[in-house]
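# Summary of the model geometry
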Amino acid sequence: MPRAAPAATPELDGDVGTFLAEQRLWRRGVRLLVDNWAGSYTVPSRTLYPHQWSWDSAFVTMGLAPWAQRRAQLELHSLFGAQWADGRVPHIVFSAEVPLEAYFPGPDFWRSDRVAASPAARTSGIVQPPVHARAAWEVYLRGADRKRAREFLSRIYPRLAAYHRYLAERRDIGGYGLAAITHPWESGLDNSPAWDEPLGRVASPGGLDGYVRRDLAHTAEDERPTDTDYARYVALASSYRDSGYCDDDLAGHHAFLVEDPLFNTVYAWSERALAEIAAVIGADPRPHTHRAAVLTEALRTRLYDPEAGMFLARDLHAGELIRARSIAGLTPLILPDLPEALVRPLVATACSPRFGIDDGGLLPSFDRTAPAFDKRRYWRGPAWLNLNWLIWQGLREHGRADLAGVLRAGMLRAASRCGYREYFDPVDGSGCGSRDFSWSAALTLDLLSRARRRSVAA
Ligand code: 2M8
C-alpha cells in the first residue's frame, strides 16, 4: 500500500522547536484529562464514550501517575469498586447521571442488576484486557509520597489478584492457561478483521431491530463498524447476558471463543507486575511469577505462527489459528522473557511492508497489504496510540532503542498535528474517530514524562 511522504512539521524542527512543541502537547494533554474527569474517573470521550471503560482507565492511570497521583489512584479504585463478586471487572461502569440515550448498549441492555454477583453500580458483564496491575505498579513507582503509594498497593492488590483469578479459573477454556475472550469487545480491538470469521458464525436474525446505534451521531459512518457487524455484537452479548453471564460450559453454549494474543500478553505482563506488587506489600510473589511464565510459554506454543512471523489469535470452536495479521500479534514484544528467537521475527514483521515501522509513521492496527485493511475504519487499519505505545515499550525492553525512537517520534507527531484523536489514518496521517480522546492524551503524557525524568536524572 503506497504511503504519502510525511509532511514537514516545522514545530518539531530543532531543539527549541521540539521543546516548545512538547510543552504544548503536555499542556493540552493535562487540560484534556482535566476536562474529561468525571469526579472519580475519566471518560474516554465526552461525546462517544460518556461512561467509565475498563482498559481505558488503566491507560489513563499511566498518564495521570506522573502529575496527579491521587486521581490516578482514585481512577483505579473507582473501576475496581464495580468489580463483580466472581472477580470480573466489567468493561463499562455506567454513570447514573448520564442519560440512557447517550450510549448504546447501555445499562438497560446489559441488565447487570439482575445478576447476583454484580455490584451496586450498573455495568456491562464482559471484560477487557487486564492492563490494570501494570497501571497500578506505574502509579506506585511514580508516587512521591512513598507511604501513601504503598498503602494504595495494599488496597488494590486483592482486587487485582481477584480479577486475574477470575481469568485463570473461569476463562481458561483451552486448558493451557490462556484466557479466552467471549466477545470482540473483550479484545479491545473490537472491529478487527481477525474477528470476521468467528463472528460470521453468530446468527443475528432480528438485525438491529428495536435498537438505535448512538455512535453514528458522533462519528463518520465509514469510521465505525457496519450495521451487520453491530447486529452480531448485540446478538452475542444478548446470548451471554441471557445465560446470566454464566461461564460454565462456555464451549458448549457460546458461539464466540477466542484466545487473543494481546489479551494474554497484557495478562502475562500484568501478572509480572502483580509479582512486584506482592513483594512490596509482603504477599507471596511466586504464584504470579509462575503464572506469568506459564502464559508466556502458552503464547509461544499456542499462538505463535512461524510462517506469519508473529502471533495469531486461536479460534477455539474451529480449533485453529485465525490467519489474519493484526497488531495484537506483535504485542508479545513487551514480555521480557520472550525468547530472542521470537523477538527477531516480530521486529522483522513490524518493519515489513505489512506494518511498516521503518517509514516514520505509526504502526497500523492491521496488515496494510491485506484485502481487509481499511485505513479509516475503526480497528481495521487505523493507528492507535495505545497499541503503538505498547510496541514502543516492547522495542525498548528488547534493546531496539532506534526503532522505539522512530515510533515515539511518530506518536508525538500525530498528536501535534491532529490533536488527541481516537485514531489516525496510517496512510495520510489525518485524525479519525472521536476528538479529545483520553488515552491518546494520557499515553502521550507518559511518553513526555519519561523523557523528562531521564533529562532531570542526567
Ligand atoms: C471502543 O469500544 C466500545 C465498546 O466497548 C464502542 O465501540 O462503543 C473500543 O475501541 C474499546 O477498545 C475502547 O475501550 C472503547 C472506549 O474507548 O471504545
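What follows deals with empty space enclosed by the protein. As enumerated under the stated definition, the model contains two cavities of 30 Å³ or more in all. Looking at the largest cavity, its volume works out to about 220 Å³. For the largest cavity, the lining is made up of 19 residues, of which Tyr 49, Trp 53, Gln 128, Asp 190 and Tyr 378 are closest to its centre. Among the residues making up the lining of the largest cavity, the classes are represented as twelve nonpolar, three polar and four charged. Considering only enclosed or pocket space, the second largest cavity measures out at about 60 Å³ in volume. Lining the second largest cavity, in full, are Ser 192, Ala 194, Trp 195, Asp 260, Pro 261, Phe 311, Leu 312, Ala 313, Ala 324, Ser 326, Ala 328 and Gly 329.

One pass over the structure, following the stated rule, counts 27 aromatic pairs. Taken together, a centroid distance of 5.0 Å and an interplanar angle of 85° make the contact between Trp 53 and Tyr 103 edge-to-face. Of the two residues, Trp 53 is situated in strand β1 (residues 52-53) and Tyr 103 in the loop between β2 (92-93) and α4 (107-110); the sequence distance between them amounts to 50 residues. Taken individually, Trp 53 and Tyr 103 each receive the classification buried, so the pair is uniform in this respect. Between Arg 146 and the ring centre of Tyr 140, over which it is positioned, the NZ or CZ distance is 4.4 Å. Lying across the ring of Trp 392, Arg 396 places its NZ or CZ 4.2 Å from the centre.

Running from amino to carboxyl end, helix α6 (residues 146-170) crosses helix α11 (residues 261-281) at an angle of 140°, the nearest separation of the two axes being 10 Å. The angle between α6 and α11 places the two elements in the oblique class. The way α6 lies across α11 gives a crossing that is left-handed. On α11, the residues that touch Arg 150, Leu 153, Ser 154, Tyr 157, Leu 160, Ala 161, Tyr 163, His 164, Leu 167 and Ala 168 of α6 are Phe 263, Tyr 267, Ser 270, Glu 271, Leu 274, Ile 277, Ala 278, Val 280 and Ile 281. A class-by-class count of the residues in the contact of α6 with α11 yields 14 nonpolar, three polar and two charged.

Attention now goes to the sheet that holds strand β8 (residues 320-321). Across the sheet, four strands lie side by side as β3-β4-β7-β8; this open sheet has antiparallel pairing. Taken across any chain shown, the strands that pair with only one partner, and hence form the sheet edges, are β3 (180-181) and β8. Summarising the sheet, β3 and strand β4 (residues 258-259) pair through two bridges and their orientation is antiparallel. Looking across to β4, one finds that Ala 180 is bridged to Glu 259.

Once that is clear, we can look at the site of the ligand. With respect to spatial proximity, 16 residues lie near the ligand, and among them Asp 56, Tyr 103, Gly 188, Asp 190 and Tyr 378 are the closest. Gln 128 has a polar side-chain atom sitting 3.0 Å from an oxygen atom of the ligand. The contact in question runs from an oxygen atom of the ligand to an N or O atom on the side chain of Arg 224, over 3.0 Å. When isolated, the ligand has an accessible area of 420 Å², and the protein chains bury 99% of it. More than half of the atoms of the ligand fall within 2 Å of the grid points belonging to the largest cavity.

A word on unusual backbone geometry. Across the junction of Phe 104 and Pro 105, the peptide omega takes the value 0°, indicating a cis bond. Unlike most non-glycine residues, Trp 379 shows phi in positive territory, near 65°. You can see Trp 379 is positioned in the loop between α13 (340-351) and α14 (385-397). By relative accessible area, which is 2% here, Trp 379 ends up buried.

In this section: the confidence of the model for the protein chain. When pLDDT is averaged along the protein chain, the result is 94, and 95% of the positions lie at 70 or above. The low-confidence segment residues 1-12, where pLDDT is below 50, has 25 contacts with residues more than four positions distant or belonging to other chains.

Now for α11. Counted at 1.5 Å a residue, the expected span for α11 with its 21 residues is 30 Å, and the 30 Å between its end C-alpha atoms agrees. Burial analysis of α11 places 16 of its 21 residues in the buried class, which makes it a mostly covered element. Between the side-chain oxygen of the N-cap and the backbone nitrogen of Leu 262 there are 3.4 Å, and the N-cap of α11 in question is Asp 260.

Below, the discussion takes up a nonpolar patch on the surface. A cluster of nonpolar side chains, namely Val 16, Phe 19 and Leu 20, defines an oily patch on the protein surface of about 310 Å² accessible area. A relative accessible area of 43% places Leu 20 in the partly exposed class.

Criteria and cut-off values
Residues numbered from 1 in each chain as written. Predicted model: local features only at pLDDT ≥ 70, side-chain atom pairs only at ≥ 80, totals over all residues. Heavy atoms only, no water. 1 Å grid on protein atoms, 1.4 Å probe; cavity = no way out; pocket = protein on both sides within 12 Å on 5 of 7 lines; lining within 4 Å. Points joined across faces, edges and corners; volume = space filled by probe spheres on them. Nonpolar A, V, L, I, M, F, W, Y, C, P; charged D, E, K, R; others polar. Phe/Tyr/Trp six-rings, centres within 6.5 Å; stacked < 30°, edge-to-face > 60°. Helix = DSSP H or I, 4+ residues; strand = E, 2+ residues; numbered from the N terminus. Buried < 20%, exposed > 50% of the residue type's maximum accessible area, 1.4 Å probe, protein only. Lys NZ or Arg CZ within 6 Å of the ring centre and 35° of its normal. Axes fitted to C-alpha atoms, helices over the stretch in contact; angles between N-to-C directions. Parallel < 35°, antiparallel > 145°, perpendicular 65-115°, else oblique. Left-handed = near helix turned anticlockwise from the far one by under 90°. Contact = heavy atoms within 4.5 Å. Pairing = 2+ DSSP bridges. Near = heavy atom within 4 Å. Polar contact = N/O pair within 3.5 Å; in protein donor to acceptor, adjacent residues only side chain to side chain. Areas by Shrake-Rupley, 256 points an atom, 1.4 Å probe, with all protein chains shown as cover. Sits in = over half its atoms within 2 Å of the grid points. pLDDT = per-residue confidence, 0-100. Expected span 1.5 Å × (residues − 1). Patch = residues over 30% accessible without salt bridge, like charges linked within 9 Å, V, L, I, M, F, W, Y side chains within 5 Å. Salt bridge = Lys/Arg side-chain N within 4 Å of Asp/Glu carboxyl O.

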